[in-house]
Amino acid sequence: MNIVPQRGSRIFLAFVPFILIAILYVVGSAERRAENPDDKLLPPVSEMAETARRLAAEPDRRTGELVLWADTVASLRRLAIGLGVATAVGLSIGLAVGLVPTVGAAFGTLVAVLSMIPPMAILPILFIVFGLGELSKVVLIVIGVTPCLIRDLAFKVASLPREQIVKAQSLGASTWQVAIRVVLPQIMPRLIESLRLQLGPAFLFLISAEAIAADVGLGYRIFLMRRYLAMDVILPYVAWITLLAFIMDYALFALARRGFPWAYIEEPR
């Protein structure tokens, strides 16, 4: 536990599991194809690469669109709207619940109960209430992410030193000024960290909604290809979703450390 790898060693160790997984996949794919040339479960990497190239570079015969990019734009638009609304609502209510005792007493328990409801369980209700269009998919992301953001931010606000708030009030600061000038800057790093943790669930909600009611999107395409056992499409799409999520996570990571470097002074470099 006292051995800390250097930067070069960390990068190498980070790549080792991926290399091992790739080797296992290539070996498994070759063995299955040797036994059954028509096997679809583990397509060769070359076949998946060709399929990915075709989806990304060749227009669809029916719609004339580049399928991969059309699906990506549709899914990212839904995800961005859902996470944007969830972030705004979560920050506003979480700040109020954690800072104002009356608001915390009134809504703290309600938020805790709402955060325990499995969002997928109310998906049929959302389709009935909001229809099968874009709104129901965005609302599912908002409902799934917002309560967790609210609770996390409320806990962070409550954990701040009480002395800071007392000193600000002693200098004549109002509740609004304390919230904006004292509390808000200190919870912004936590907001970004919470948002990073919610990327996985947000993608899950998005793909689940698209799989049930959509005509374009990453989740729609995966479940459409499932009918034909088209693993040469499904696996590249899963890899692409993973890459998108990783890029978003890293972007938030970089934003937090560049925007609020004081919050990470004690972190090892």
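No experiment lies behind these values; they were computed from the predicted model shown.

Caption draft 1: Representation of the environment of L149 within the structure. Considering the arrangement of structural elements, one finds L149 in helix α6 (residues 134-159). The sequence separation of L149 and V89 amounts to 60 residues, and the corresponding C-alpha distance is 8.8 Å. Leave out the neighbours within four places in its chain, and L149 touches A86, T87, G90, S194, L195 and Q198.

Caption draft 2: Up close: the environment of R61. Mapped onto the elements, R61 comes out in the loop between α2 (45-57) and α3 (67-99). When the C-alpha positions of R61 and F155 are compared, they lie 53 Å apart, and in sequence the two are 94 residues distant.

Caption draft 3: Structural view of the side chain of T72. Position of T72 relative to the elements: it lies in helix α3. The contact partners of T72, leaving out residues within four places of it in the chain, are L218, W240 and L244.

Caption draft 4: Highlighting the pattern of salt bridges. For the structure on display, the rule yields 10 salt bridges. Notably, a salt bridge pairs R33 with E47, separated by 3.1 Å at the nearest N-O pair. Note that R33 is positioned in helix α1 (residues 7-35) and E47 in helix α2, a separation of 14 residues in sequence. One salt bridge connects R53 with E50, and the closest N-O pair in it is separated by 2.9 Å. With R53 and E50 both in helix α2 and three residues apart, this pair spans about one turn of that helix.

Rules used in this analysis
- Residues numbered from 1 in each chain as written.
- Predicted model: local features only at pLDDT ≥ 70, side-chain atom pairs only at ≥ 80, totals over all residues.
- Heavy atoms only, no water.
- Helix = DSSP H or I, 4+ residues; strand = E, 2+ residues; numbered from the N terminus.
- Contact = heavy atoms within 4.5 Å.
- Salt bridge = Lys/Arg side-chain N within 4 Å of Asp/Glu carboxyl O.

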